[in-house]
Protein chains: 2
Amino acid sequence: MRAMVFDGALRLAADYPRPSPGHNEASIRVGLAGICNTDLEIVKGYMGFKGVLGHEFVGVVEECRDPDLVGQRVVGEINVGCGACPYCSRGLSRHCPDRSVLGILGRDGALAEYVTLPIENLHPVPKSLPDEEAVFAEPLAAALEIREQVNISPSDSVLVLGDGKLGLLVAQVLAPLSRKLRVVGKHRSSLAILSQRGIETCLAGDSPPERADIVVDCTGSPSGLEAAMRLTKPKGTIVLKSTVATGASLNLAPLVVDEITVVGSRCGPFRPALDALDKKTVGVRPLIAGIYPISDGLRAFEHAAQHGTLKVLISFHANLTQ
Amino acid sequence: MRAMVFDGALRLAADYPRPSPGHNEASIRVGLAGICNTDLEIVKGYMGFKGVLGHEFVGVVEECRDPDLVGQRVVGEINVGCGACPYCSRGLSRHCPDRSVLGILGRDGALAEYVTLPIENLHPVPKSLPDEEAVFAEPLAAALEIREQVNISPSDSVLVLGDGKLGLLVAQVLAPLSRKLRVVGKHRSSLAILSQRGIETCLAGDSPPERADIVVDCTGSPSGLEAAMRLTKPKGTIVLKSTVATGASLNLAPLVVDEITVVGSRCGPFRPALDALDKKTVGVRPLIAGIYPISDGLRAFEHAAQHGTLKVLISFHANLTQ
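Engineer: Even after reading the chapter, I still don't get unusual backbone geometry, so can you show me in this structure?
Structural biologist: Glycine aside, a negative phi is what most residues show, and trans is what most peptide bonds show. Residues and elements named next belong to chain A. Residues other than glycine seldom take positive phi values, yet M47 does so here, at roughly 70°. Its location among the elements puts M47 in the loop between α1 (37–43) and β4 (51–52). Phi at E259 is positive, roughly 45°, even though this residue is not glycine. Of note, E259 is situated in the loop between α8 (253–257) and β17 (261–264).

Engineer: When you look at the pairing of strand β12 (residues 180–185) of chain B in this model, what are you seeing that I'm missing?
Structural biologist: Side chains on a regular strand alternate between the two faces of the sheet. Residues and elements named next belong to chain B. For strand β11 (residues 157–161) and β12, the ladder comprises five bridges, and the chain directions are parallel. Looking at β12, one finds that S157 is bridged to K180. Taken together, β11, helix α5 (residues 165–174) and β12 form a β-α-β motif whose crossover is right-handed. Bridge count for β12 against strand β13 (residues 200–203) is four bridges, and the pairing is parallel. The residue bridging V183 from the neighbouring strand is T201, located in β13. In terms of handedness, the path from β12 via helix α6 (residues 188–195) over to β13 forms a crossover that is right-handed.

Engineer: Is there a simple way to think about the confidence of the model for chain A in this case?
Structural biologist: In low-pLDDT segments, the atomic positions of the prediction should not be examined closely. Across chain A, pLDDT averages 93, with 97% of residues at or above 70. Two numbers describe this predicted complex: its pTM, 0.89, and its ipTM, 0.87.

Engineer: What should I look at first to understand the domain arrangement of chain A in this one?
Structural biologist: By convention, interface size is frequently given as the accessible area that disappears when the constituent parts associate. Residues and elements named next belong to chain A. In terms of domains, chain A is made up of domain 1 (3–136 + 284–315) and domain 2 (143–264). Relative placement of domain 1 and domain 2: their C-alpha centres are 27 Å apart. Taken together, the contacts link 16 residues of domain 1 with 13 residues of domain 2. Summed over both sides, the interface between domain 1 and domain 2 buries roughly 1,200 Å², with carbon and sulfur atoms accounting for 61% of that surface. The tally of links between domain 1 and domain 2 comes to one salt bridge. Across the salt bridge formed by R94 and E145, the nearest N and O atoms sit 2.9 Å from each other. Seen at the junction of domain 1 and domain 2, the total is two residue pairs in polar contact (both at pLDDT 80 or more). Among the elements that line the side of domain 1 that touches domain 2, the one with the most residues is α1, at three residues. Per-class residue counts for the side of domain 1 that touches domain 2 are seven nonpolar, five polar and four charged.

Engineer: Before we go on, may I ask you to explain the sheet that holds strand β13 (residues 200–203) of chain A in this structure?
Structural biologist: Strand pairing in a sheet is mediated by backbone hydrogen bonds. Such pairs are either parallel or antiparallel. Taken in spatial order, the twelve strands of this open sheet run β13(A)-β12(A)-β11(A)-β14(A)-β15(A)-β17(A)-β17(B)-β15(B)-β14(B)-β11(B)-β12(B)-β13(B), and their pairing is mixed. Across the chains shown, the open sheet's two edge strands, defined by having one partner strand only, are β13 of chain A together with β13 of chain B. Each adjacent strand pair in this sheet contributes to an overall mean axis angle of 20°, direction not counted. With four bridges connecting them, strand β15 (residues 232–240) of chain B and strand β17 (residues 261–264) of chain B associate as parallel partners. Looking across to β17(B), one finds that B:V239 is bridged to B:V263. Helix-sheet contacts for helix α7 (residues 224–231) of chain A involve β11 (157–161), β14 (212–217), β15 (232–240) and β17 of chain A, and the interaxial angle to β15(A) is about 150°. Docked against the sheet, helix α7 (residues 224–231) of chain B engages β11, β14 (212–217), β15 and β17 of chain B, running at close to 150° with respect to β15(B).

Engineer: Teacher, can you tell me more about the packing of helix α4 (residues 137–149) of chain A against helix α5 (residues 165–174) of chain A here?
Structural biologist: In helix packing, the relevant descriptors are the interaxial angle and the interaxial distance, both defined with respect to the helix axes. Residues and elements named next belong to chain A. The contact between α4 and α5 brings their axes to 9 Å, and the two run at 45°. Compared by their axis directions, α4 and α5 come out oblique. Two packed elements cross with a definite hand, and for α4 against α5 that hand is right-handed. On α5, the residues that touch P139, L140, A143, L144, I146 and R147 of α4 are L166, L169, V170, V173 and L174. Grouping the amino acids of the contact of α4 with α5 by side-chain chemistry returns ten nonpolar, no polar and one charged.

Engineer: Is there a simple way to explain the interface of chain A and chain B in this structure?
Structural biologist: On the chain B side, the residues contacting the 39 residues of chain A number 39 residues. Of the roughly 3,000 Å² buried where chain A meets chain B, counting both sides, 57% is carbon and sulfur surface. Taken together, the connections running from chain A to chain B amount to four salt bridges. Residue B:R94 pairs with A:E259 through a salt bridge whose shortest N-O separation is 3.7 Å. At the junction of chain A and chain B, the tally comes to eleven residue pairs in polar contact (both at pLDDT 80 or more). Elements supplying a minimum of two residues to the side of chain A that touches chain B: α4, β15, β16 (248–250), α8 and β17 of chain A.

Engineer: Just to check I follow, could you spell out helix α6 (residues 188–195) of chain A for this structure?
Structural biologist: Residues that lie three or four places apart on an α-helix share one face, since the helix turns once every 3.6 residues. Residue and element names in this part refer to chain A. Regarding α6, the residues found buried are S190, L191, I193 and L194. Down the axis of α6, the smallest arc covering the buried residues is 145°, so these residues share one side. Across α6 from its buried face, at more than 90 degrees, point the exposed residues R188 and S189. Each element contacted by the buried residues of α6 is listed here: α5, β12 (180–185) and β13.

Engineer: Explanation requested: the relation of the copies chain A and chain B in the structure shown.
Structural biologist: Both copies of the chain are placed relative to one another by a rotation about an axis and a shift along it. Structural alignment of chain A on chain B gives an RMSD of 0.0 Å, achieved by rotating through 180° and translating 0.0 Å along the axis. The symmetry that links the two subunits is that of a two-fold axis. Taking C-alpha positions as the reference, the residue of chain A nearest the rotation axis is A:S249, at 2.0 Å. Residue by residue, 100% of the interface of chain A is reproduced at the interface of chain B, so both copies engage with the same surface.

Engineer: Teacher, can you tell me more about the sheet that holds strand β4 (residues 51–52) of chain B here?
Structural biologist: Residue and element names in this part refer to chain B. On the basis of which strands lie adjacent, the open sheet formed by three strands has the order β2-β1-β4 and antiparallel pairing. Looking along the sheet, the strands with just one partner apiece sit at the ends: β2 (10–13) and β4. The pairing of strand β1 (residues 3–6) with β4 spans two bridges and is classified as antiparallel. Looking across to β4, one finds that V5 is bridged to V52. Contacts from helix α10 (residues 297–305) reach β1 and β2, with the element oriented near 150° to β2.

Engineer: Explain the side chain of B:N79 to me, please; I cannot follow it from the model alone.
Structural biologist: Residues and elements named next belong to chain B. Among the structural elements, N79 can be located in strand β7 (residues 79–80). You can call N79 buried: its relative accessible area is 7%. A distance of 3.1 Å separates the side chain of N79 from the side chain of R266, its partner in a polar contact. Aside from chain neighbours lying at most four places away, what touches N79 is S93, R94, R99, S100, V101, N121, R266 and C267.

How each quantity is defined
- Residues numbered from 1 in each chain as written.
- Chains lettered and ligands numbered in written order.
- Predicted model: local features only at pLDDT ≥ 70, side-chain atom pairs only at ≥ 80, totals over all residues.
- Heavy atoms only, no water.
- Helix = DSSP H or I, 4+ residues; strand = E, 2+ residues; numbered from the N terminus.
- Pairing = 2+ DSSP bridges.
- Right-handed = clockwise from strand over helix to strand, strands pointing away.
- pLDDT = per-residue confidence, 0-100.
- Domains from an automatic or database assignment.
- Contact = heavy atoms within 4.5 Å.
- Buried area = accessible area lost by both parts, 1.4 Å probe.
- Salt bridge = Lys/Arg side-chain N within 4 Å of Asp/Glu carboxyl O.
- Polar contact = N/O pair within 3.5 Å; in protein donor to acceptor, adjacent residues only side chain to side chain.
- Nonpolar A, V, L, I, M, F, W, Y, C, P; charged D, E, K, R; others polar.
- Axes fitted to C-alpha atoms, helices over the stretch in contact; angles between N-to-C directions.
- Parallel < 35°, antiparallel > 145°, perpendicular 65-115°, else oblique.
- Left-handed = near helix turned anticlockwise from the far one by under 90°.
- Buried < 20%, exposed > 50% of the residue type's maximum accessible area, 1.4 Å probe, protein only.
- Arc of directions from axis to C-beta.
- Least-squares fit on C-alpha atoms with pLDDT ≥ 70 in both.

See below:
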């Protein structure tokens, strides 16, 4: 099968072995898959991962022991736990120490014609939700995770740093919770997507925003935390969303002096994400920067890696490309 | 008056001007003052502070408008807020954006024969508590601050990293809260102080401890957070106590991947600290590495700066030195 593979270099494999599903797994024919910043970081060496990339997808179950699932359109959670450890028992398989993670850690990913995942990881996609929106379930779930971790009250001021893919989702997810949410970004066109939805934005470098109670770092940059520390009120909270391959020289004294709390935040709940997509409470269409056929997979990655590019999707059906 | 002054270089001033108390301030004749790691960092350039060093002291009020206070032995909180801003109104003057901080920011410190502080910053010292113990009120309050910020239940495993002055106080303060507390240090003699109090310890470099629910970084090292990230369970909490002059190259991806919370922690409540000292629930005598007369102030700093040295005190009465 065709697949986007990283094995020290990024390549489009023409004949990668098609994976066979285990007993509790499903084999899914991928319809559409997204390129995430994590994929771009893996290509720079993050996680030391080798194999098929990709962890954002929507597809159709082709083979599994549950006949009701066959033919069903699904998205899938990306962490696969051992099922037996204390984390898995508490429903926190995404923190299982022996987990594999789709396209990130010990498990081939979804930027391929077929992917396998445990049945319990799959979520049926509502019929009314098209592939190009359903494929955002995974990053939107990651944005929603913040609401599970941090209590935001309407009077809390919130700053979202970064107007990349994740920043635009996080801003939309948090905007209804706070009367004082602002997004700081570098790209007028990306910020305009939020302005059109009534969300306040400002261009980085313009008059610096006031310090906020809650600052979410979606910059994807090693220096994001430093900016966040400058912009967080004493006793405030920073939510850290960026994972990057390289470190930065950081002096963390401001965290101590200002008694700031930093909350690391990763994957989140899929059902509320599918629900928000289906109800259109979060708009994702304007985030699509391009849809490439898998045959143009390398070009898709080049596009995604360009500064300021939003979501690049790879399609496994000719009629979906644009 | 004699004072330990940093103005680009550390020196013992013989004739530093004696400060005059403002209307709401008291002038305090210092009996005993401690050297803190923050002082050693300031000498390396931290905070860009110039003036009299020192923020840990016990002394006797010699002049102030409240006659009941004159002659009273006191310790003092180190942050002086504007009194009018939202932080000050909430009792959080230690986070007032216009604050001064004793011997750290915009206010001469306590390593001098006289120091001034607002009356409201002062806490009378119980008669039964000797100077050599009362002088620990400020660092002990900083240790107690952790209990205000993080909820620790008996089943939570706790690791304290560092067996310096602060680590030994933090360990004693947190030990009663958890059935599984362990201290990782580098100095057998310091760890022995804790073992004698029934606290479990281990030497850094021996078999690495299991990951814990709560890890407190008291290493005073720029690399402390990196060690803490390795030793914290997913969804766990790191308490950051170290302020250092220099940064470190850090990759914070583990915070995001493991969804760890980092809590910056600085100054704390004085009354419970004085209470714990008076009731001897925290032992501080074994932490005293030396008491120097102010005439030997430079030698005191040299001693304090030596690796593995615990608390060095400077006395302004000849009979207290050892």
